[in-house]
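Coordinates in review
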Amino acid sequence: MIKLEIDSMPVEVEEGTTILEAARKVNIDIPTLCFLKEINEVGDCRMCIVEVEGRRGFATSCITKVEEGMVVHTHTPSVVEARKAVLNLILSNHNRDCLTCIRNGNCELQKLAQKYNVQNVDYDGAKTSNEIDDKSPSIVRDQSKCILCRRCVGMCKRVQEIGAIESTNRGFESTISTADNQSLNDVDCTFCGQCIEACPVGALHEKDDTSKVWRMINDKDTFTIVQTAPAVRVGLGEEFGMPIGTNVKGKMVTALKRLGFDKVFDTNTGADFTIMEEANEFIERFTNGGTLPMMTSCCPAWVRFAEKNYPEQLDHLSSCKSPHQMFGAILKSYFAKKYDVEPERIKVISVMPCVAKKYESVREEMEVDGLRDVDAVITIRELARMIKQRDIEFTELEDSEFEDPMGEATGAAAIFGVTGGVMEAALRTAADTIEGKSLDKIDYEAVRGQEGIKKATVEIAGKEIRIVVASGLKNARKIMNEISSGKADYDFVEIMACPGGCINGGGQPIKSSKIRATKDVRQLRADSIYSIDEKSTFRKSHDNPIIKTIYNDFLEKPNSHEAHKYLHTTYHKEEKYNF
Amino acid sequence: MKKSIEEIEKIREIKSKELELRTNKDFTGARKDILVCHGTGCTSSKSPEILEKLKEIIKEKDLKDINVVKVGCLGLCSKGPIVIIRPEDTFYSMVTVDDCEEIIESHIINGEVVQRLLCKTIDSKEAIEKLDDQPFYKKQKRIALKNCGIINPEDIDEYISVDGFKALEKVLTKMKPEEVIDELTKSGLRGRGGAGFPTGMKWNFVLKEKGEQKYVVCNADEGDPGAFMDRSILEGDPHSILEAMSIAGYTVGANKGYIYVRAEYPIAVTRLQIAINQEREYGILGENIFGTDHSFDIEIRLGAGAFVCGEETALLESVEGKRGQPRLKPPFPANSGLWQKPTLINNVETYANVTRIINNGADWYAGIGTEGSKGTKVFALGGNVNNVGLVEVPMGTTLREIIFDIGGGIPNGRKFKAAQTGGPSGGCIPEKYLDTPIDYESLKEIGSMMGSGGLIVMDDTKCMVNLAKFYLDFTVSESCGKCTPCRVGTKRMLETLEKICEGNGTEKDIEKLRTLADNICKASVCGLGQTAPNPVISTLKYFEDEYREHVIDKSCRAKECKNLTKIEIDPEKCKGCDLCKKACPVGAISGEVTKVHEIDQSKCIKCRSCLQACPFKAIS
């Protein structure tokens, strides 16, 4: 343990602790901007500077490790003046249209300016850039807001190991740019959206589709069906100040009904279809010598990553569409017919913890008989904005249930929102199917947890199935490289682009650097998801009554001709760079 | 072929006799060496053509014992191309290809000095024949530049003849690493890159670090505007740097060296590569040097021209192939440098002193210079000074001696106003400090710094606000953009200075500059940002009245800031010749022939065409 003194207070911390972390221990909130724990520890912004006795110049508290006997002053007049000067400089090259900014109220820069009482910006000189890249269906980059903290770069380069964005040019001309300054749409970006989660300001955000959704709701001739992904219910409450990971399913359904959607369904039902198809596809491949390992395909950022980076390995991907796309197709066929709504009138709106889903929904293949599976995708943040716009007191809402006839989904579907969940859900169904009976084994602990790569072997009907679960594209690349080089001997692989899965998706509520450093956001949301599973009436997809009904009435059986028509898709090589 | 110590000694013996006519002033004999400067300055004024021409004439005339030799920079660049004839030491300046015939015919064949090619004294215009008699060289002491202008930098044998590799041999065979460090520490050598960190201490840090792999790096990314000390050393004496790096490798326990040199120094790069190749051939670089356990090799890494890569940690990033951005210190390179390994990094001029110290002893070196700063310092003397060039003087020499005795004073009868040392990181020194003996501490005390050795002299036609603007313009375009204070702060300073120079400044802007400068210094990540405001701080300190004139009186006394300058015709001097009127591109001048002319200030664009046109110096 290291003993030091911060602002005249004795502090004792473990060796290797930074001054910033030590200060937080005694409730001193040193300001940061570029710091993002374990992702961007570079000391660039100069907000976290402190004075250390005996040291020349300021120390960078976010990366300077504590030393025995260190005497730190975090708020001397000189430090405060320098921080204020730095803030002033950042603001002088920042588009200060705060009132109309998507991050108004949730902007780290805005909060600091307020905290440090910056009432004037002293300089009205040049601004670097006002370029806006909104070509992609998923992500908007607004350079006029960028403060060059490089948190997005750290995320893209070091966490995801994609490197679609990087610092270019020098000095004041520095910008964060893509290859040849092309749109994110046309480079190696996968639309995972983790950069948005990292951005402290409004320089990166989802493409806002709320207006489009409002138009659909307000159009009397349109029959709107909204569906919500498994990980939405454990994130949405945070947008209304509720504790991280709170399950707000009931309030969410009530709010969606109040917003005026004609039907409010659960994507989890779609997830149950996915498991039916995917588990059976796996059994088929596993028993009849198909391409192995089979890889899950419900994460569109992962699919785009594979198409751009491993086009020769695409036959490993399951041909299953993702749950909300499957569900969209079912709604416009089975549901439309059964409940006598002209399919052309139906608009399916998906609420997702993800921005890549926006891209997925506009992929050419995602339609059946000329009808798009899904017509609009909004993130949790966009849904929250819609709820606020309608002046709904979210936290005060009573609970309600998803509507019939799609009703309640299984616990297997719920865990789709977390890394390992798809695998576990598929194993539950595959095991029962292969064994030909309902097994007691439900929990597959080996695929749970937040590690980036989890490997295990499970035994079903005397056969060993080698599985691996990876989340984060850095880990996806590792697995793909193993497969490409022939070193992999897996049978079934689950991949999610975002570290931890959809509970940490690019469409989740944005958490400040401090919260990310001090709370285990992912685990809190994941715990909530697993508790939904535990409490579910049905915990295996094939036990879901509505699934049984629809296969009986409409799809016949998993992987049938009809099932393929509505629930499966194809992949194709994507050029890494399109310019 | 790999050479043994004995074989090297043999070469030294033979070759030093051959070179005696260059090194020994009392040499008698019929042989003559014609030394043609091949520094960058002289090369661009066609010295390679002069060399070829001389060779051609000698061949044509079948002259025996006349050698034409390519040598490194001789320092007096403003008088180049320079040709020196040894042993008599005749110093010819501004030689052209057309002069070669006469040099051979008159000097070499007839023994008559070509008077018209000799340098003239500035005041009396008297011709000075010998190099040693040139006032430019009188107060200089060449240690780092010892071999520059004496040997052919592309010939390893010539380097061997002037005690080359003696120091390496001594270190490898007779000294322990600790003894080398002791010697350096005793010598008092400090880093010549600018900050002046004690070299012995730095080497010791790396020696003390544990680790199998260590590196030695030479910082040859000389970037200050107007500075060319390191370039000249590399061009004129590359082997001395390689030798010192190998000594460093032995001392700290490294087997690999990198020289990070700007790609804009093509001559230096070529000669370094030639030198490396020759040393590898002789086995002076490579495995088991001189049959000892010491193995060492050197690679060149080219810099792409970013000033910030002169900052040691940004340099290391660049060597690793990354974007040139500084790292936060600590850890220092000695603990975690290139590829996180302990790394010794020194500047070219620092290395250039090492072999001299080993050969001549620490006491000899410590006997030169001041209390805290030992040895000599090379300066690139430029700006409004008669003798523009490279000078090496003992620490403690005053600015006045450098500028007036060596530099020959200010041209065109103008007055000295200030000198800028330390480039964009340094500060300007006003006249009252001309007699300050120059060393690391004294320069810091008066608000400047040693820097790498750029020394720019300014006369009274230079505006100090504009000067600060010039340097800020440089740092703004060279800031790497990593940290906020440097990236945005320097830009805002520049904008404020531009505003002042354009005549739109207020007194508040001066205060803004002061506060901003203070905060940039304190909050920036690396040395570039921390020192970037220095030109503003020092001009504000010594020339605040000029700033005030700009913002209050809206005038620029040096007449450099166009918006604050009036161009006027002195009615006393104007003869009404009408030439100014004809020269004016915007028709701002009126007046009848033979009558006094006038300038319409509302039309004048301050292009100064009229100033040049006026034969009576009536316009100013």
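Treat the numbers as computed from the prediction; the structure is a model and nothing was measured. (Residues numbered from 1 in each chain as written. Chains lettered and ligands numbered in written order. Predicted model: local features only at pLDDT ≥ 70, side-chain atom pairs only at ≥ 80, totals over all residues. Heavy atoms only, no water.)

Observations concerning the overall build of chain B
Selection criterion: Only DSSP runs of H or I with at least four residues qualify as helices, and only runs of E with at least two residues qualify as strands; both kinds are numbered from the N terminus onward. As a reference, a globule follows 2.2 Å times the number of residues to the power 0.38, and the radius of gyration itself is taken over C-alpha atoms. Only protein chains enter the calculation, and the probe is 1.4 Å; a residue is then buried if its accessible area is under 20% of its type maximum, exposed if over 50%, and partly exposed in between.
In terms of helices and strands, chain B carries 25 helices and 17 strands. Taking 620 residues into account, the globule formula puts the C-alpha radius of gyration at 25 Å, and chain B, at 27 Å, falls close to it. Once the C-alpha set of chain B is aligned to its principal axes, its extents read approximately 85 × 65 × 40 Å. Counting over 620 residues, chain B shows a buried share of 61%.

As for the overall build of chain A
Definition in use: By definition in these notes, contact holds between two residues if any of their heavy atoms fall within 4.5 Å. Method for areas: the Shrake-Rupley scheme with a 1.4 Å probe, in which residue coverage is limited to the protein chains shown. Just so you know, the count uses Lys and Arg for positive and Asp and Glu for negative, and it drops His and the chain ends. The location of each charge is read from NZ of Lys, CZ of Arg, CG of Asp or CD of Glu.
On a plain count of helices and strands, chain A comes out with 19 helices and 20 strands. Over its C-alpha trace chain A gives a radius of gyration of 25 Å, about what one expects of a compact globule, namely 25 Å for 579 residues. Along the longest, intermediate and shortest principal axes, the C-alpha atoms of chain A span 75 × 55 × 50 Å. For chain A, the proportion of its 579 residues judged to be buried stands at 63%. Residue pairs at least 24 apart in sequence account for 75% of intrachain contacts in chain A once pairs closer than 6 positions are excluded. Surface accessibility of chain A: about 21,700 Å² in total, with carbon and sulfur atoms responsible for 46%. Positive and negative charge centroids in chain A, built from 76 and 90 side chains respectively, lie 2 Å apart.

Quick notes on the domain arrangement of chain B
Residues and elements named next belong to chain B. Quick reminder of the rule: Per the annotation, domain bounds derive from an automatic or database assignment of domains. Buried area adds together the accessible area that both of two parts lose upon being put together, with accessible area traced by a 1.4 Å probe. Salt bridge, as applied in this entry: a Lys or Arg side-chain nitrogen positioned within 4 Å of an Asp or Glu carboxyl oxygen. Any pair of N or O atoms that falls within 3.5 Å is considered a polar contact. Within protein, one atom must be able to donate a hydrogen and the other to accept it, and sequence-neighbouring residues count only if both atoms are side-chain atoms. Each residue gets one of three labels, nonpolar for Ala, Val, Leu, Ile, Met, Phe, Trp, Tyr, Cys and Pro, charged for Asp, Glu, Lys and Arg, and polar for the others, Gly among them.
Parsing chain B into structural domains produces domain 1 (31-137), domain 2 (156-366), domain 3 (376-459), domain 4 (464-553) and domain 5 (566-620). Overall, the association of domain 2 and domain 4 removes approximately 940 Å² of surface from exposure, summing both partners, and the carbon and sulfur fraction of that is 75%. For domain 2, the biggest contributors to the area lost against domain 4 are Pro225, Phe307 and Pro326; these three give 49% of the whole. Across the contact surface, domain 2 and domain 4 share zero salt bridges. Across the contact surface, domain 2 and domain 4 share two residue pairs in polar contact (both at pLDDT 80 or more). The residue makeup of the side of domain 2 that touches domain 4, split by class, is six nonpolar, four polar and three charged.

As for helix H14 (residues 421-435) of chain A
Residue and element names in this part refer to chain A. What counts here: Take the residue count of a helix, subtract one, and multiply by 1.5 Å to get its expected span.
The terminal C-alpha atoms of H14 lie 21 Å apart, and with 15 residues this matches the ideal 21 Å at 1.5 Å per residue to within 8%. With respect to burial, H14 is a largely interior element, 12 of its 15 residues being buried. When H14 is considered as a whole, its buried residues turn out to be Gly421, Val422, Met423, Glu424, Ala425, Ala426, Leu427, Arg428, Thr429, Ala430, Ala431 and Asp432. On the buried face of H14, the contacting elements are helix H8 (267-288), helix H13 (411-414), strand E18 (453-460), strand E19 (463-471), strand E20 (492-496) and helix H17 (521-535). Gly436, located one to two residues past H14, shows a positive phi value of around 75°.

Let's talk about the sheet that holds strand E3 (residues 83-86) of chain B
All names here are of chain B. Counted only if it meets this: When DSSP finds two or more bridges between a pair of strands, those strands are recorded as paired. For helices, the fitted line uses only the C-alpha atoms of the stretch in contact; every axis is such a line through C-alpha atoms, and the angle between N-to-C directions lies from 0 to 180 degrees.
One open sheet holds the four strands; their spatial order is E2-E1-E3-E4, and the pairing between them is mixed. Both outer strands of the open sheet, strand E2 (66-71) and strand E4 (90-92), are each paired with one neighbouring strand and no more. Looking at each pair of strands side by side, their axes are set apart by 20° on average, direction ignored. Relative to E4, E3 runs antiparallel, the two being bridged by three bridges. For Ile85, the partnering residue across the bridge sits in E4 and is Thr90.

Observations concerning the nonpolar core
Rules: What is meant by a nonpolar core is a set of buried Ala, Val, Leu, Ile, Met, Phe, Trp, Tyr and Cys residues, joined one to another through side-chain atoms within 4.5 Å.
The biggest cluster of nonpolar side chains holds 132 residues, and the ones touching the most others in it are Leu236, Trp302 and Met406 of chain A. Ranked by the residues each element gives to this core, the list is headed by helix H10 (residues 323-338) of chain A, at eight residues. The next biggest cluster of nonpolar side chains, apart from the first, holds 73 residues, and it includes Val171, Ile181, Ile233 and Leu344 of chain B.

Observations regarding helix H6 (residues 210-218) of chain A
Residues and elements named next belong to chain A. To keep things clear, this is the line we draw: When we speak of the arc, we mean the arc of directions from the helix axis to the C-beta atoms.
When H6 is considered as a whole, its buried residues turn out to be Thr210, Val213, Trp214, Met216 and Ile217. Along the long axis of H6, the arc covered by the buried residues comes to 160°, so they all point the same way. Tucked into the core, H6 has its buried residues touching strand E11 (223-228), helix H7 (249-259), strand E14 (346-352), strand E17 (376-379) and helix H12 (380-389).

Focus: the environment of Ala336 of chain A
Residue and element names in this part refer to chain A. Of note, Ala336 is situated in helix H10. Classification of Ala336 by relative accessible area gives buried; the value is 3%. Between the C-alpha atom of Ala336 and that of Pro230, which follows or precedes it by 106 residues, the distance is 24 Å. When residues no more than four places from it in sequence are discounted, the contact partners of Ala336 are Leu331, Val341, Pro343 and Ile346.

So, the environment of Glu235 of chain B
Residues and elements named next belong to chain B. In this structure, Glu235 sits in helix H11 (residues 229-236). In this structure the C-alpha to C-alpha distance between Glu235 and Pro266, which are 31 residues apart in sequence, comes to 9.5 Å. With near-sequence residues (within four places) excluded, Glu235 lies in contact with His38, Gly39, Thr40, Pro153, Ile267, Ala268 and Arg271.

Regarding the domain arrangement of chain A
Quoted interface sizes are often the accessible area lost when the parts come together. Residues and elements named next belong to chain A. Partitioning chain A into domains gives domain 1 (2-90), domain 2 (125-206) and domain 3 (210-567). Each of domain 1 and domain 2 has a C-alpha centre, and these two points are 28 Å apart. Facing the nine residues of domain 1 at the interface are 10 residues of domain 2. For the pair domain 1 and domain 2, the summed buried area comes to about 780 Å², and 62% of that belongs to carbon and sulfur atoms.

What to know about the packing of helix H9 (residues 177-187) of chain B against helix H12 (residues 238-252) of chain B
Residue and element names in this part refer to chain B. Rules: Should an angle fall under 35 degrees it is taken as roughly parallel, and over 145 as roughly antiparallel, whereas 65 to 115 is taken as roughly perpendicular and any remaining angle as oblique. Helix crossings are classified by the rotation of the near helix relative to the far one: an anticlockwise turn of less than a right angle makes the crossing left-handed, while a clockwise turn makes it right-handed.
H12 packs onto H9 with a crossing angle of 120° between their chain directions and a minimal axis gap of 8 Å. The angle between the axes of H9 and H12 places the two elements in the oblique class. Handedness of the crossing formed by H9 with H12: left-handed. Across the interface between the two elements, Pro177, Val180 and Ile181 from H9 touch Ile247, Tyr250 and Thr251 from H12.

Quick look at the environment of Gly451 of chain B
Residue and element names in this part refer to chain B. Note that Gly451 resides in the loop between helix H18 (440-445) and strand E15 (454-459). Residue classification places Gly451 among the buried positions, given a relative accessible area of 3%. Taking the C-alpha atoms as reference points, Gly451 and Ala195, 256 residues apart in sequence, are found 6.7 Å from one another. Each residue touching Gly451, except ones within four places of it in the same chain, is listed here: Arg192, Gly193, Gly194, Lys377 and Gly422.

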